[in-house]
Amino acid sequence: MPSPASPTERRPTLWLVAIIGVISLVSVSFSGPASTSNFAAVYVPADGFRLRLVAPGNARSIEWARGTASDLIAAGPIASLNWLVKQKGDPSSALTRLTSTFSDGTGVVHRSDDFLIDDADGLRTAVETQDNDSYRIYTPARLDLPNAVAAGRHWVSDGQAAISLRGSKEQVGAYHAEFSASAPQSHDEVVRRCLHITMTQNVNGVAEPAITRTWCPGLGITAVSDAQGAATASTDPLRVPPAAATSFAWKDAASLTLSQHAVESTGANGMILLPQIPAALLADDTLVSVQVPAGHMMGLGVGGQEVGIRWRARPGARTTAVAGFGDRVVAANTERQLVAYDVQGQWLWQAPLPDLVVTTPVRLGDAVVVAGLDGSVSAYALVDGQKLWSNRLTAEVRLPPKVVGDRVVVVDQTGAVACFDTSGVEQWSQQLDPSSRFTVTSGANPVVVVKSRTSIWVTAFALRDGSQAWRAEARLSGSQLLGLDGQAVLVDRTQLLSLDADTGTVRWARSGDTVYDAAGGVDHLMLLGLDRVTLLDGGGRPVQSWATPVGATENSAGSIVVGASQLAVIGPHGVFLGAIR
C-alpha cells in the first residue's frame, strides 16, 4: 500500500538496455494489439524477476513471484489466505505476488506483499499488505490494467475493501479507484511499449493522492512516484558492507543454553520446517528455509513463542542452495543466478553463475565461494556480487567446499582435490578415487581428510602444501565427516570414529548412539537423536544433554543448523534455539 505523490519528470531510461534477462520474453507476441483475454498479463515479468528502483535518499526493490494460489499463499501473509477463503477461490488457479521493500537509509525496511490475479477483464489487485500486519482485501479485485490498455484510456474500479491496520480488527468500507494511461516520453520506454498508469483512489471515504506507476511489458513496474518520492529503475546493486566474519564459539559449547523458543504445527501457513535443502541461520534468529516444491525462500523468526514468517522471497524458479553469513543470506537458483538478501529479506544483489550450484556456498574473507556442476569454482564479493575470480576442476562438484583460514578446498565427483587462496590461485591439487565425504581439520596443522566412496581408505593432505600426511583404513561408511582441532570424526547412524589429524590413528570410538545429524568444531561435537541432542568433548565424552521434543520420527528426525553466533535444532514440528551464555 504505497503512499501516493504527484508524478515527476523522468530521465531517459538506459537501464532498459542493461536488463537483458527478459528482453526475449518482452518481444514475444507484443508486436501488435493483443487478441487474447489476458493482454495485461504480458506486463507481468517471469517468476523470480527483480528490479531496483532508486531515488535520492532511498532505495526500493521489486520482486515478482508467479505460481498457483496454494503455493504463493502458503508463504503468507495471512491476509492472502483470508482472501482465498472469502472468495472461495480455486487453490490451483494462477496467482502473482508482487513483493516490494523500501529502505530510507535509517536501517528500517518496510515491505509489502501484494497479490494479483489475471482474469477476463485484465490484471487485478486482490490483496495489498504492508509489513505483515496491515492489509486491504478488494472485492471485486481492483482492476489495475484492463485488457487492450493503451495511452489515453480511462477506467474506473469500484467495490468493497476489507481493511486492517497494524493488526486491528478488520473493517469493511467502499473503494473507488480511477485510472488513466498515458504515453511515456523516453525513447526506450516508447520502444518497449511502456505506459504510465496514474491512479487516484478513495477508500472508506478517505481520498488518497495520485500514484503513478510505469508498467513495461515483461518488466513489470519500472518506475513509481508516490509519497516516498519518484524512483526509477537501476542496475546498481545495493551496496551494504558485510558484517565481520564470525563463527560459532564451539570452544564454549559447554555453556550453551538450548531453549524451546518456537514450536508450532507445520500445517500453519504451510511452513515446512524440515526443508530438503539445508536451512541457514542468520544473526537475528531468522531461520531461512527453502520450501520445496513451491520454491519459496522464507525468513522464519524462531526467537519468539511461535514460528513466524518475517519475510518471503523468490530467488528464482527453484532455489538449489542457501547459506547464511551473519547479516545476509545468499541463494543459488535454477536460473543460474546467485542472489543475496539481508536479514530483513531486502534484495541486495544478484550475479550470473557459470552453471547450476547444488552445494552450500561458503564464505572466504569478504567473498562468497560457490562450486558448480560444471566444475567451476567462483568467488563473488559479498558487498555487491561482483565476480572476483573463477577457476575450474575436472568434473561436477556436489560436495560443499570447506574453508579454513585463507584457503578454500573443493573436491569434485572424480575425486580431484584442489586448494585455492583468496585470489583464486590454485595452491595445490591431488587426484584420488571418487570421494563420498571430506573435511578440513582445524588447529596448528590442519589437514584435508577425504573418505573414499569406493573403498575403506581415508586419505589426508596437509592444507599448507597438499603433501600426503597419511592414509588409514576406516570401515565406517560415514554419513558425515567433521573436522575438529587435531582430529576428523566419521559419523555413522550408530557409530563414531575419531582419526588423529597428524597420524590417522584412531583417537577414540563410540557406538550405541542413534545419530540423525551432527555438527561441531574446535573441541566439541553435537549429536542429534530422536528427542534430544548430546554434546561431546574432544575425547568423545558426553558433556551435556538437552531434551528436544520437536516431533521427530525415524523418517524425519531433524537437523542442526549452525549460525555465526547461535545454532538451531529443527524438527518436523518445532525449533530449539541455542546460544552461548
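Everything that follows concerns the structure shown earlier in this document.
Residues numbered from 1 in each chain as written. Predicted model: local features only at pLDDT ≥ 70, side-chain atom pairs only at ≥ 80, totals over all residues. Heavy atoms only, no water.

Explanation requested: the environment of Arg464 in the structure shown.
Residue position: Arg464 is located in the loop between strand S32 (457-462) and strand S33 (468-473). Owing to a relative accessible area of 63%, Arg464 belongs among the exposed residues under this scheme. The spatial distance from the C-alpha of Arg464 to the C-alpha of Cys419 is 9.2 Å, given a sequence separation of 45 residues. (Helix = DSSP H or I, 4+ residues; strand = E, 2+ residues; numbered from the N terminus. Buried < 20%, exposed > 50% of the residue type's maximum accessible area, 1.4 Å probe, protein only.)

Sorry if this is basic, but what is going on with helix H4 (residues 78-86) here?
Each α-helix winds once per 3.6 residues, and so residues spaced three or four apart point in a common direction. By the burial criterion, the buried members of H4 are Ala79, Ser80, Trp83 and Leu84. Projected down its long axis, H4 carries its buried residues within an arc of 140 degrees, all on one side. Contact partners of the buried residues in H4: helix H3 (69-74), strand S3 (94-103), strand S4 (109-119), strand S5 (122-130) and strand S6 (134-146). Two residues or fewer past H4, Lys88 is found with a positive phi of approximately 50 degrees. (Arc of directions from axis to C-beta. Contact = heavy atoms within 4.5 Å.)

Would you explain the pairing of strand S20 (residues 337-342) in this entry?
For a regular strand, the rule is simple: side chains alternate between the two faces of the sheet. By the criterion of burial, S20 is predominantly enclosed, with 6 of the 6 residues buried. Burial along S20 is two-sided: the face carrying Gln337, Val339 and Tyr341 and the face carrying Leu338, Ala340 and Asp342 are both buried. Bridge analysis of strand S19 (residues 328-333) against S20 gives 5 bridges, and the strand direction is antiparallel. Residue pairing across strands places Val329 opposite Tyr341, the latter belonging to S20. (Pairing = 2+ DSSP bridges.)

Can you help me understand the side chain of Thr319 in this one?
Mapped onto the secondary structure, Thr319 falls in strand S18 (residues 319-324). For Thr319, a relative accessible area of 1% corresponds to the buried category. Here Thr319 is in contact with Ile277, Val290, Gly295, Ala331, Ala332 and Asn333, once residues within four sequence places are set aside.

Is there a simple way to think about the sheet that holds strand S35 (residues 487-491) in this case?
Note on sheets: strands pair through backbone hydrogen bonds, and any given pair is parallel or antiparallel. A sheet is described by the order of its strands in space; here 4 strands give the open sequence S34-S35-S36-S37, paired in antiparallel fashion. A single partner strand is all that each edge strand has here, and the edge strands are strand S34 (480-484) and strand S37 (506-511). On average, each strand axis in the sheet is inclined to that of its neighbour by 15 degrees, with strand direction left out of account. In this structure, S35 lies alongside strand S36 (residues 495-500), joined through 5 bridges in antiparallel fashion. Note that in S36 the partner of Ala488 across the bridge is Leu499. (Axes fitted to C-alpha atoms, helices over the stretch in contact; angles between N-to-C directions.)

What is the right way to look at the pattern of salt bridges in this model?
Overall, the coordinates contain 27 salt bridges when judged by the stated rule. The partner of Arg136 in a salt bridge is Glu208, and the shortest N-O contact between them spans 2.5 Å. Remark: Glu208 occurs in strand S10 (residues 206-216) and Arg136 occurs in strand S6; sequence separation between them is 72 residues. Classification of Arg136 by relative accessible area gives buried; the value is 13%. For the salt bridge of Glu473 with Arg475, the shortest nitrogen-to-oxygen distance reads 3.8 Å. Given a relative accessible area of 45%, Glu473 falls into the partly exposed group. Each of the salt bridges in this network shares a partner with another, and the network as a whole consists of Glu128, Arg136, Arg142, Asp144 and Glu208. (Salt bridge = Lys/Arg side-chain N within 4 Å of Asp/Glu carboxyl O.)

Explain the state of the cysteines to me, please; I cannot follow it from the model alone.
In a disulfide, the sulfur atoms of two cysteines are covalently bonded to one another. In the structure shown here, the tally under the stated rule is 1 disulfide. Here Cys194 is linked by a disulfide to Cys216, with a sulfur-sulfur distance of 2.0 Å. Between Cys194 and Cys216, the disulfide has an S-S torsion of 115 degrees and is therefore right-handed. On the criterion of sequence distance, the pair formed by Cys194 in the loop between helix H5 (187-191) and strand S9 (195-203) and Cys216 in strand S10 is long-range, its members being 22 residues apart. (Disulfide = S-S within 2.5 Å.)

Looking at this structure, how should I read unusual backbone geometry?
Generally, phi is negative for residues other than glycine and the peptide bonds are trans, each holding for most cases. Cis peptide bonds are those with omega within 30 degrees of zero, and the linkage from Gly76 to Pro77 qualifies with 0 degrees. With respect to the helices, strands and loops of the structure, Pro77 is situated in the loop between H3 and H4. That bond from Thr139 to Pro140 is cis: its omega, -10 degrees, falls within 30 degrees of zero. As for its placement among the helices and strands, Pro140 is situated in strand S6. We note that Arg166 has phi near 50 degrees; this positive angle belongs to a residue other than glycine. For Arg166, the position within the fold is in the loop between strand S7 (154-164) and strand S8 (171-182). Positive phi values are uncommon outside glycine, yet Val522 reaches one of about 55 degrees. Secondary-structure assignment places Val522 in the loop between strand S38 (517-521) and strand S39 (524-528). With a relative accessible area of 29%, Val522 lands in the partly exposed category.

Is there a simple way to think about the environment of Asp421 in this case?
Examined against the element boundaries, Asp421 turns out to sit in the loop between strand S28 (416-420) and strand S29 (426-431). Once the C-alpha coordinates of Asp421 and Val408 are considered, the two residues, 13 residues apart in sequence, prove to be 6.5 Å apart. Setting aside its immediate chain neighbours within four residues, Asp421 contacts Leu364, Trp389, Asp406, Arg407 and Gln427. Of the polar contacts made by the side chain of Asp421, one reaches the backbone nitrogen of Val425; its length is 2.9 Å. A distance of 3.2 Å separates the side chain of Asp421 from the side chain of Gln427, its partner in a polar contact. (Polar contact = N/O pair within 3.5 Å; in protein donor to acceptor, adjacent residues only side chain to side chain.)

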